[in-house]
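Each chain, letter by letter, is given below.
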Amino acid sequence: MQRQTVCRACARRAPLSVERWRCECGGLLDLEAGPRFDPGRVEAETWSLWRYRHVLPVGPERWRGVTLGEGCTPLVAPEPGRPDLLAKLDFLLPTLSFKDRGAAVLVTAAAELGAVGLIADSSGNAGTAIAAYAARAGIPCTVYVPATTPPSKLGQARRHGASVIAVPGSREDAAAAARQATGAPGVLYASHVWNPLFFEGTKTLAHELAEQRGWRLPERVVLPVGNGTLVLGAHLGFAELAAAGIGGRPPVIVAVQAEACAPIAAAFRSGAERVAPTENRGTVAEGIAIAAPARGDQVLEVVRASGGALVTVTDSQTRDARRRLAARGIDVEPTAAAAWAAACALPAGDGVTITVLSGAGLKSG
Ligand SMILES: [Zn+2]
């Protein structure tokens, strides 16, 4: 693993290491650009996201012991008469959410770096994904979650052998508790927000969307956004494809927040460059209810650069979209239904729109 981390605040470069999850200045870390994407190097016989291994920051063979076959999810058109409105069924990944993409790559890299323990914090799905891949890699794992996390999500992480610690208060309180627990030798903070390795996994969504459609990207993608794991990962993948001249123009990104907790959408609407923390007034889409997203400014920048927008949906629109999808055979959690509600409200005729359905209905009980 040769790639360096780059601080978003002070531009300091340093090698990836187990204990270092932020810059000495406190800034967020990105990973420097990797090798050029080459469709000729896609491993056709590998039916998982590891087919794109030539652009992933891990060595040649370690992934084989960690993978659960994640990736290669279906693309379907659920609404009658709307072949332009496609859904990417990423809730069909091994732990039933798209977070498996990031967890698979991060945990593989952690094993390669020699981590002896993992710490994560999560509103549910990321913690479960990290717990599953940590179990697979044989690395002990502790997950901090808000006490309000649905019991179905907690049970899933516990069954994978993780110590699950329910923290009273908000999602941010759970993150703060996790950060306090970091610093022990050999323990890696497997944060889907802070750790740039996570985005190296979620970026494969972009490669897959292009390959599934004959190396042609859609005109528009609709993604739920809380902390921005999906938006920033997808952007990274689209940028890699663009740098290699593949897929045509990168898609416009429409990012979706719940009206009751929409700090990034508020900044977008007011034309601000920085995201101000807000209050979580409570929403059924608990997976995107992030009142103070650490990478909020970065999400804002990426969505604007794509020519896209941040939109909000109400809980009633989300419930309605969930019912409509379920009536077509697709049962997703409210966070995913929120994105579908937003996609259905967009004007038709702007080409192909792909919405990522990020988590399964069983997740929310
Ligand atoms: Zn720095």
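Just above, that's the structure.
As a convention, each chain's residues are numbered from 1 in the sequence order in which they are written. Where totals are concerned, whole chains, interfaces and linings use all residues; where local detail is concerned, this predicted model gives features only for residues with pLDDT of at least 70, and gives and counts side-chain atom pairs only at 80 or more. Side-chain measures here rest on the full set of heavy atoms in the structure, leaving out hydrogens and waters.

Chemist: I keep staring at the nonpolar core and nothing clicks. Help me out?
Modeler: Buried together is how nonpolar side chains tend to be arranged in soluble globular proteins. For this analysis, a nonpolar core means a set of buried residues of the types Ala, Val, Leu, Ile, Met, Phe, Trp, Tyr and Cys, connected via side-chain atoms within 4.5 Å. Residue exposure (1.4 Å probe, protein chains only): buried if accessible area is under 20% of the type maximum, exposed if over 50%, otherwise partly exposed. Counting 39 residues, the largest nonpolar core has Phe37, Leu223, Val231 and Leu310 as its most contacted members. Numbered from the N terminus, helices here are DSSP runs of H or I no shorter than four residues, and strands are runs of E no shorter than two. Those elements giving two or more residues to this core turn out to be helix H6 (204-212), strand S10 (220-224), helix H7 (229-243), strand S11 (252-258), helix H8 (263-270), helix H9 (296-305) and strand S13 (353-356). Considering each element in turn, this core owes the most residues, six residues, to H7. When neighbours within four sequence positions are excluded, Phe37 is seen to be in contact with Val42, Tyr52, His54, Val55, His207, Trp215, Glu240, Leu241, Ala244 and Ile246. Ranked by size, the runner-up nonpolar core spans 38 residues in total, among them Leu106, Ala132, Val145 and Ala190. Two residues form a contact once any of their heavy atoms are found within 4.5 Å.

Chemist: Looking at this model, I keep getting lost on the packing of H6 against H7. Mind explaining?
Modeler: For any two helices packed against each other, one specifies the inter-axial angle together with the distance between the axes. Remark: H6 packs on H7, axes separated minimally by 6 Å, with the N-to-C direction vectors making an angle of 55°. Between H6 and H7, the crossing angle belongs to the class labelled oblique. Taken together, the residues of H7 that come into contact with H6 (itself represented by Leu205, Ala206, His207, Leu209 and Ala210) are Leu230, Ala234, Gly237, Phe238, Glu240 and Leu241. Under this grouping Gly is polar, as are all residues other than the nonpolar Ala, Val, Leu, Ile, Met, Phe, Trp, Tyr, Cys and Pro and the charged Asp, Glu, Lys and Arg. Along the lines of polarity and charge, the residues of the contact of H6 with H7 split into eight nonpolar, two polar and one charged. Axis lines are fitted through C-alpha atoms, for helices just across the contact stretch, and the angle between N-to-C directions can take any value from 0 to 180 degrees. An angle counts as roughly parallel when it lies under 35 degrees, as roughly antiparallel when it exceeds 145, as roughly perpendicular when it falls between 65 and 115, and as oblique in every other case.

Chemist: So what exactly am I meant to see when it comes to the sheet that holds strand S12 (residues 309-313) here?
Modeler: Hydrogen bonds along the backbone pair up the strands of a sheet, which may run parallel or antiparallel. Read across the open sheet, the six strands follow the order S4-S5-S13-S10-S11-S12; overall the sheet is mixed. Either end of the sheet is taken by a strand with one partner, and the two such strands are strand S4 (75-76) and S12. Across four bridges, strand S5 (residues 85-88) lies against S13 in parallel orientation. For Lys88, the partnering residue across the bridge sits in S13 and is Val356. The strands touched by H6 are S4, S5, S10 and S13; relative to S5, the strand with the most contacts, the crossing angle is about 130°. Strands are labelled as partners when DSSP assigns at least two bridges between them.

Chemist: What is the right way to look at empty space enclosed by the protein in this model?
Modeler: Space left empty within the atom packing is revealed by a probe, the size of a water molecule, rolled over the atoms. Only protein atoms enter the 1 Å grid, on which a cavity is a set of points fitting a 1.4 Å probe that cannot get out and a pocket is an open set with protein on both sides within 12 Å along at least 5 of 7 lines, lining residues being those with an atom within 4 Å of a point. Grid points are joined across faces, edges and corners, and a volume is the space filled by probe spheres set on the points. Inspection of the entire model under this criterion finds three cavities of 30 Å³ or more. Approximately 250 Å³ is the volume found for the largest cavity. Lining the largest cavity are 22 residues, and of these Phe98, Lys99, Gly287, Ile288 and Thr335 sit closest to its centre. Along the lines of polarity and charge, the residues of the lining of the largest cavity split into seven nonpolar, 11 polar and four charged. What fixes the domain bounds is an automatic or database domain assignment. Here the lining of the largest cavity spans two domains, since at least three of its residues come from each of domain 1 (75-97 + 201-364) and domain 2 (99-197). Taken together, Thr5, Leu16, Ser17, Arg20, Trp21, Leu29, Leu188, Asn195, Pro196 and Leu197 make up the lining of the second largest cavity.

Chemist: Where do I start with the pattern of salt bridges in this structure?
Modeler: Oppositely charged side chains may form a pair once their charged atoms are brought near each other. Salt bridge, as used here, is a side-chain nitrogen of Lys or Arg placed within 4 Å of a carboxyl oxygen of Asp or Glu. This model, assessed by the stated rule, comprises 26 salt bridges. Two residues, Arg3 and Glu200, come together in a salt bridge whose shortest N-O distance is 3.2 Å. Residue Arg3 is found in the segment before strand S1 (4-7), and its partner Glu200 is found in helix H5 (residues 196-202); the two are separated by 197 residues along the sequence. Like Arg3, the residue Glu200 is buried in the burial classification. Taking the shortest distance from any N to any O, the salt bridge between Glu240 and Lys203 comes out at 2.7 Å. Here Glu240, found in helix H7, pairs with Lys203, found in the loop between H5 and H6; they are 37 residues apart in sequence, far enough to count as distant. Look at Glu240 and you get buried, because its relative accessible area is 13%.

Honestly, that's just the spatial picture; any functional story needs more than this.
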